[in-house]
Amino acid sequence: MVQAYMLVQTEVGMADSVAAAVSEIEGVVRVDTVNGAYDVVVLTEAATADRLGTSVVSRVQRVAGITRTLTCSILKI
């Protein structure tokens, strides 16, 4: 299983609705609204890195109200 955190910036006032929409996407494990440079933090997972990118990350990025994302893959060292 491959996991990644997505740090999400939203339009002003959209963090709650973005978090709700993202939480419905298959492959999203956890969604938290936060303060600071990013508005929402999303934990994602999929069977492979390719699947994570095509099925989860790309779907999250298309949610209305998102202005920018940063995806951070989790490493098992």
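Here, the structure is the one placed above.
Residues numbered from 1 in each chain as written. Predicted model: local features only at pLDDT ≥ 70, side-chain atom pairs only at ≥ 80, totals over all residues. Heavy atoms only, no water.

*Asks:* What is the right way to look at the pairing of strand β3 (residues 40–46) in this model?
*Replies:* In regular strands, side chains alternate between the two faces of the sheet. Most of β3 is tucked away, with six of its seven residues classed as buried. Sheet analysis places strand β1 (residues 2–10) next to β3, joined by seven bridges and oriented antiparallel. Within the sheet, the bridge partner assigned to A4 lies in β3 and is T44. Where strand β2 (residues 28–33) and β3 come together, five bridges link them in antiparallel fashion. Counted as the bridge partner of R30 is L43 from β3. In sequence, β2 turns back onto β3 through a hairpin of six residues, with G36 there showing a positive phi of about 120°. (Buried < 20%, exposed > 50% of the residue type's maximum accessible area, 1.4 Å probe, protein only. Helix = DSSP H or I, 4+ residues; strand = E, 2+ residues; numbered from the N terminus. Pairing = 2+ DSSP bridges.)

*Asks:* Looking at this structure, how should I read the environment of M1?
*Replies:* Tracing the backbone shows M1 in the segment before β1. By relative accessible area, M1 is classed as exposed at 66%. Residues M1 and L52, 51 residues apart in the sequence, show an inter-C-alpha distance of 9.6 Å. When residues no more than four places from it in sequence are discounted, the contact partners of M1 are E45, A46 and A47. (Contact = heavy atoms within 4.5 Å.)

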